Amino acid sequence: MQYMQSYYAIELRLRYYGRLPDSTSIQGASVVGELGNETVDVRRWKEPPHEYLANMLRNERDFCGPASVEAFVRRYGILTGQTVATASRFFESCINFTAFQEKLRRAWQCDHEGLLEIEAQLEILDVISTQIDPDSGCVVLATENLWTFICFFFHRDLTARKAKVCKSPDCPNPFFIQQRKGQLYCSHVCAVRENVRRFRRAEAQARETEVPRNSGKRRPNGVTKTR
Ligand SMILES: [Zn+2]
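Note that the structure is a prediction, hence the values are computed from the model and not measured.

Engineer: Is there a simple way to think about the sheet that holds strand 4 (residues 89-93) in this case?
Structural biologist: Strand pairing in a sheet relies on backbone hydrogen bonds. The paired strands run either parallel or antiparallel. Ordered by their spatial adjacency, 3 strands build an open sheet running 2-3-4, and the pairing between neighbours is antiparallel. One side of each edge strand has no neighbouring strand; the edge strands of this open sheet are strand 2 (19-27) and strand 4. On average, each strand axis in the sheet is tilted by 30° relative to the strand beside it, whichever way the strands run. Two strands pair when backbone bridges link them, and strand 3 (residues 30-39) and strand 4 are joined in this way by 5 bridges, in the antiparallel orientation. Across the sheet, glycine 33 pairs through a bridge with phenylalanine 90, a residue of strand 4. Against the sheet, helix 3 (residues 66-76) makes contact with strand 2, strand 3 and strand 4, and its axis sits at roughly 170° relative to strand 2, the strand it touches most. Sitting on the sheet, helix 4 (residues 94-108) is in contact with strand 3 and strand 4, with an inclination near 65° to strand 4.

Engineer: Before we go on, may I ask you to explain the nonpolar core in this structure?
Structural biologist: General note: in soluble globular proteins, nonpolar side chains tend to be found buried as a group. Formed by 33 residues in total, the largest nonpolar core has its most connected members in Val69, Leu104, Trp108, Leu146, Ile150, Cys151 and Phe154. Counting only elements with at least two residues in this core, the list comes to strand 3, helix 2 (49-55), helix 3, helix 4, helix 6 (146-159) and strand 8 (175-177). In terms of residues, this core owes the most to one element, helix 6, which gives 7 residues. Looking at which domains feed residues into this core, each of domain 1 (15-160) and domain 2 (164-213) gives three or more. Contact partners of leucine 104, with chain neighbours within four places excluded, come to His50, Leu53, Ala54, Ile150 and Phe154.

Engineer: Is there a simple way to think about the pairing of strand 2 in this case?
Structural biologist: In summary, the side chains of a regular strand alternate between the two faces of the sheet. As defined by bridge partners, strand 2 adjoins strand 3 across 7 bridges and the pair is classed as antiparallel. Note that in strand 3 the partner of isoleucine 26 across the bridge is valine 31. Counting the residues between successive antiparallel strands, the hairpin from strand 2 to strand 3 contains 2 residues, one of them, glycine 28, with a positive phi of roughly 60°.

Engineer: Explain the packing of helix 4 against helix 5 (residues 112-124) here, please?
Structural biologist: Helices that pack against each other are described as a pair by the angle of their axes relative to one another and the distance between those axes. Closest axis-to-axis distance for the helix 4/helix 5 pair is 7 Å, and the angle between their directions is 115°. For the pair helix 4 and helix 5, the sense of crossing is left-handed. Contacts between helix 4 and helix 5 pair Lys103, Arg106 and Ala107 from the former with Glu113, Gly114, Leu115, Glu117 and Ile118 from the latter. Of the residues belonging to the contact of helix 4 with helix 5, the class tally is 3 nonpolar, 1 polar and 4 charged.

Engineer: Explain helix 6 to me, please; I cannot follow it from the model alone.
Structural biologist: A turn of α-helix holds 3.6 residues, and therefore any two residues three or four places apart point the same way. The end-to-end C-alpha separation of helix 6 is 20 Å, in line with the 20 Å expected for 14 residues at 1.5 Å each. Those residues of helix 6 that fall on the buried side of the exposure criterion are Leu146, Trp147, Thr148, Phe149, Ile150, Cys151, Phe152 and Phe154. Looking at the residues trailing helix 6, positive phi occurs at arginine 161, about 60°.

Engineer: Can you walk me through the sheet that holds strand 1 (residues 12-16) in this structure?
Structural biologist: Strand order in the open sheet formed by 3 strands is 1-6-5, with mixed pairing between adjacent strands. Both outer strands of the open sheet, strand 1 and strand 5 (129-132), are each paired with one neighbouring strand and no more. Averaged over neighbouring strand pairs, the angle between their axes works out to 25° when direction is ignored. Sheet topology note: the strand 5/strand 6 (residues 139-143) ladder contains 4 bridges and is antiparallel. Counted as the bridge partner of threonine 130 is leucine 141 from strand 6. Strands in contact with helix 6 are strand 1 and strand 6; relative to strand 1, the strand with the most contacts, it is inclined by about 140°.

Engineer: For this particular structure, what's the right way to read the environment of aspartate 133?
Structural biologist: Residue position: aspartate 133 is located in the loop between strand 5 and strand 6. Sequence-wise, aspartate 133 and leucine 12 are 121 residues apart; in three dimensions their C-alpha atoms are separated by 9.8 Å. Residues within four places of aspartate 133 in sequence aside, it is in contact with Cys138 and Val140.

Cut-offs and rules
- Every residue gets a number counted from 1 within its own chain, in the order that chain's sequence is written.
- For this predicted model, a pLDDT threshold of at least 70 governs which residues receive local features, and a threshold of 80 or more governs which side-chain atom pairs are given and counted, while totals over whole chains, interfaces and linings are taken from all residues.
- One bridge is not enough; two strands pair if DSSP finds at least two bridges between them.
- Only runs of H or I of at least four residues qualify as helices and only runs of E of at least two qualify as strands under DSSP, and these elements are numbered from the N terminus.
- Axis definition: a line fitted to C-alpha atoms, limited for helices to the stretch in contact. Angles are taken between N-to-C directions and run from 0 to 180 degrees.
- Residues are scored as being in contact if the C-beta atoms we place from backbone atoms lie within 7 Å.
- One nonpolar core equals one set of buried Ala, Val, Leu, Ile, Met, Phe, Trp, Tyr and Cys residues connected by C-beta atoms within 7 Å.
- Between the buried cut of 20 or more and the exposed cut of 12 or fewer other C-beta atoms within 10 Å of a residue's own C-beta lies the partly exposed class, and all C-beta atoms are placed from the backbone.
- For the purposes of this description, domain bounds are those given by an automatic or database domain assignment.
- Crossings are classed by handedness, with left-handed meaning an anticlockwise turn of the near helix from the far one by less than a right angle and right-handed meaning a clockwise turn.
- All amino acids are sorted into three groups, where Ala, Val, Leu, Ile, Met, Phe, Trp, Tyr, Cys and Pro are nonpolar, Asp, Glu, Lys and Arg are charged, and the leftover types, Gly among them, are polar.
- One less than the residue count of a helix, multiplied by 1.5 Å, gives the span that helix is expected to have.

Function cannot be read off these values alone, since they describe shape.
So this is what it looks like as structure tokens:
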């Protein structure tokens, strides 16, 4: 029955057609602005949006600050701030933005509630079109919803066991996508730091066990220290 499976298998592509802002400004704890007509070119992203979002640093009040939210919006498009799909004006609240980051972080740490939030978004889907690509025959879904796009790609990486948290306890960007099997640290810097730590711990342990052996008390009778 192998041929039945291949017959019914459908390849699916998800495209993101979010628009980039023409203008942005910070108003209190929000970023406001106007979306332009230019859609995001995902090939220009150096980092996938789920990895970037999860690692965004928070300020002293435990929020993603307006300057960092503005930088995100200018690179990836808006995350939560569009109330009407066709409207150009947007209002990205740092509080809502941080709440979405928290959902993603919790899911990345395999928290049950966090994973349910992501799966709920996959059910909503929120696509603007569904087409069959005439060349490849695969189904192409298009979305303008960045959160939908993020949830899909995060879920794909999680299912492939590639969405990992860096094992270095003081890593500033701990959420990473594994590039090779068995990779424990997000970067070479973290791997080296933890190697140095391990080496120093081993050295300290070795020193501790050496001290009693070399101390004067344990010196055999008749042996005197000479200079
Ligand atoms: Zn790290």
